[in-house]
Amino acid sequence: MGTEQLREHVAQQLRRTRQRSALLTDSVDDDDLVRQHSRLMSPLVWDLAHIGNQEEIWLVRDVGGREPLRTDIDELYDAFQHPRAQRPQLPLLGPTEARGYVGQVRDKVLDVLERVPLEGRRLTEHAFAFGMIVQHEQQHDETMLATHQLRAGAPVLEAPPPPAASAGPLPAEVLVPGGAFTMGTSTEPWALDNERPAHTVHVDPFFIDTVPVTNRQYQRFIADGGYDHPRWWSEAGWAYRQRADLTAPRFWTREGERWLRRRFGMTEPVPPDEPVVHVCCYEAEAYAAWAGRRLPTEAEWEKAARFDPATGRSRRYPWGDADPTPEHANLGQRHLQPAPVGAYPSGASPLGVHQLIGDVWEWTSSEFHGYPGFVAFPYREYSEVFFGDEYRVLRGGSFGTDAAACRGTFRNWDYPIRRQIFAGFRTARDARPDELG
Ligand SMILES: [Fe+2]
């Protein structure tokens, strides 16, 4: 891509992303914009001004070398200064002020984008800083979508239903051959620091579910007393199950013999063939143990998603190196729910694993650490400060994740108790020697 094409590409990504932020913040009234819908989340108006503040810090001040618009609010919108639960008490910009601020920042950024050299400095090489800010805004858009899901009241968002299943009968599981593969990337221009560098990882042969675990399957776990038997749960998982009184995925309620769920203000029967969503990592682990299986490691997930046995190389996405289209995966809030399993045959990996990208984030068994050779860039707070055993890695993105913020190498992380995120899972097991043919 030439420099002028790259500038046009960035401008288009910024525009498209801002349209989504506007939809998420203009679809509710001012009262809903400033209210805290859950202690787990910021008021939507905080996310909005925080998006603008990060854009100002990186693109206006650092990349552009311009005068700050408002240094006085940096502290208010520094995610490390104030936990989400306390943000409603802060003297935040109101809805009109916040919209005005993000608009002013954007005008300056578009001017910077036209003038700044996109070479000679690592931060601007391939427009990385712009890509980082696009991804940051998209990540907050997904967070705001989760806030919408937590919000009480009538529906305000609308979208067509996802496509129906079209893949035909699929095997329950797929064998992923053992051996080395390339994990992570050193070449993806907008990959974030924690996805780097590319490195070789050995994985023993294993089987992985062809598709994510569905509501139908998960209901069998519930019906079989899955939530009542500590034997399926880890010690920490059972303690949390007891403390939080977990009995079903979040947003589910029982009505006689059937399960209903609340989804963006609507109540509806739980669709059996969709991937289960709004389960925490402990629930995913318990289901897997009950099924005689386990969660995949992060490396196993990535090998199932990217490894091409014909060439031995790792692809950018399961379907190849092309950017995602609506044929490949359920991404970008095009639909307000996961698609039924089998809905994206064109998105399958070379080994035949489906729906790894989009639909639901997938919990893995791995804690969040830097890859060998990790270097924090451009700031430690993007990921390094979260490395350790507190967080679990999630992969693949959800229906609420934008294509710009999702790749075969993309890593998300969260506490294993979190259920408000759009997370589900698939299971895996070791292959036995007699199964390797
Ligand atoms: Fe942020």
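Analysis parameters
- Residues numbered from 1 in each chain as written.
- Predicted model: local features only at pLDDT ≥ 70, side-chain atom pairs only at ≥ 80, totals over all residues.
- Heavy atoms only, no water.
- Core = buried A, V, L, I, M, F, W, Y, C linked by side-chain atoms within 4.5 Å.
- Buried < 20%, exposed > 50% of the residue type's maximum accessible area, 1.4 Å probe, protein only.
- Contact = heavy atoms within 4.5 Å.
- Phe/Tyr/Trp six-rings, centres within 6.5 Å; stacked < 30°, edge-to-face > 60°.
- Helix = DSSP H or I, 4+ residues; strand = E, 2+ residues; numbered from the N terminus.
- Polar contact = N/O pair within 3.5 Å; in protein donor to acceptor, adjacent residues only side chain to side chain.
- Donors = N, O, S within 2.8 Å, 3.2 Å for Na, K, Ca; no water.
- Pairing = 2+ DSSP bridges.
- Axes fitted to C-alpha atoms, helices over the stretch in contact; angles between N-to-C directions.
- Parallel < 35°, antiparallel > 145°, perpendicular 65-115°, else oblique.
- Left-handed = near helix turned anticlockwise from the far one by under 90°.

A. Structural context of the nonpolar core. Core analysis: the biggest nonpolar cluster contains 93 residues, and F130, Y218, W363 and F425 have the highest contact counts within it. What F130 contacts, discounting residues up to four positions off in sequence, is V10, L59, V63, V109, V112, L113, V116 and L118. If you look at the next biggest cluster of nonpolar residues, it comprises 24 residues, including V203, F206, L356 and A428.

B. View of the packing of aromatic side chains. The full count for this structure, using the stated rule, is 30 aromatic pairs. The interplanar angle of 75 degrees and the centroid separation of 6.4 Å between the aromatic rings of Y218 and F425 together place this pair among those described as edge-to-face. Taken together, the positions of Y218 in helix α6 (residues 215-223) and F425 in the loop between β11 (423-424) and β12 (428-430) put the pair 207 residues apart, joining distant regions of the chain. Accessibility expressed as a relative area gives 0% for Y218, which makes it buried. Of the residues examined, F425 reaches a relative accessible area of 0% and is grouped as buried. Arranged with centres 5.6 Å apart and planes meeting at 50 degrees, the rings of W252 and W259 form a pair that is tilted. Considered together, W252 and W259 belong to a single accessibility category, that of buried residues.

C. Examining the environment of N53 more closely. Among the structural elements, N53 can be located in helix α3 (residues 44-63). Remark: the alpha-carbon pair of N53 and D74, spanning 21 residues in sequence, is separated by 6.8 Å. Filtering out sequence-adjacent residues up to four positions away, N53 remains in contact with R61, I73, D74, Y77 and Y101. A distance of 3.4 Å separates a polar atom in the side chain of N53 from a polar atom in the side chain of Y101.

D. Expanded view of the coordination of the iron ion. Protein coordination of the iron ion is provided by H50 (NE2), H136 (NE2) and H140 (NE2), with donor distances spanning 2.2 Å. Each donor residue of the iron ion lies on one chain, and together they are spaced H-x85-H-x3-H. With H50 in helix α3 and H140 in helix α5 (residues 128-150), this residue pair connects regions lying 90 residues apart in the sequence. The exposure class assigned to H140 is buried, which follows from its relative accessible area of 12%.

E. A look at the pairing of strand β1 (residues 173-176). Of the two faces of β1, the one holding V174 and V176 is buried and the one holding E173 and L175 is not buried anywhere. In this structure, β1 lies alongside strand β4 (residues 206-209), joined through 4 bridges in antiparallel fashion. When the sheet's bridge partners are listed, V176 is paired in β4 with F206.

F. Broad picture of the side chain of N215. Within the element layout of this structure, N215 appears in helix α6. From its side chain, N215 meets the backbone oxygen of P271 in a polar contact 2.8 Å long. Leave out the neighbours within four places in its chain, and N215 touches W252, R261, V270, P271, P272, E274, P275, V276 and V277.

G. Focus on the environment of V105. Among the secondary structure elements, V105 is positioned in helix α4 (residues 95-115). For the pair V105 and A289, spaced 184 residues apart in the sequence, the C-alpha separation amounts to 50 Å. With residues up to four places along the chain from it excluded, the contact list for V105 reads G52, E55, E56, V60 and L69.

H. The packing of α3 against α4, seen in detail. Two elements in contact, α3 and α4, have axes whose closest approach is 9 Å; the angle formed by their N-to-C orientations is 25 degrees. With respect to their mutual orientation, α3 and α4 come out roughly parallel. Note that α3 runs across α4; the crossing there is left-handed. Packed against α3, whose contacting residues are V45, L48, A49, G52, N53, E55, E56, L59, V60 and V63, the element α4 presents P95, A98, R99, Y101, V102, V105, R106, K108, V109 and V112 at the interface.

I. A look at the sheet that holds β12. Read across the sheet, 3 strands follow the order β1-β4-β12 without closing on themselves; strand pairing throughout is antiparallel. Strands with a single pairing partner mark the edges of an open sheet, and in this sheet they are β1 and β12. Averaged over all adjacent pairs, the angle separating strand axes in this sheet is 25 degrees, with direction ignored. Where β4 and β12 come together, 3 bridges link them in antiparallel fashion. In the strand pairing of β12, I208 is matched with A428.

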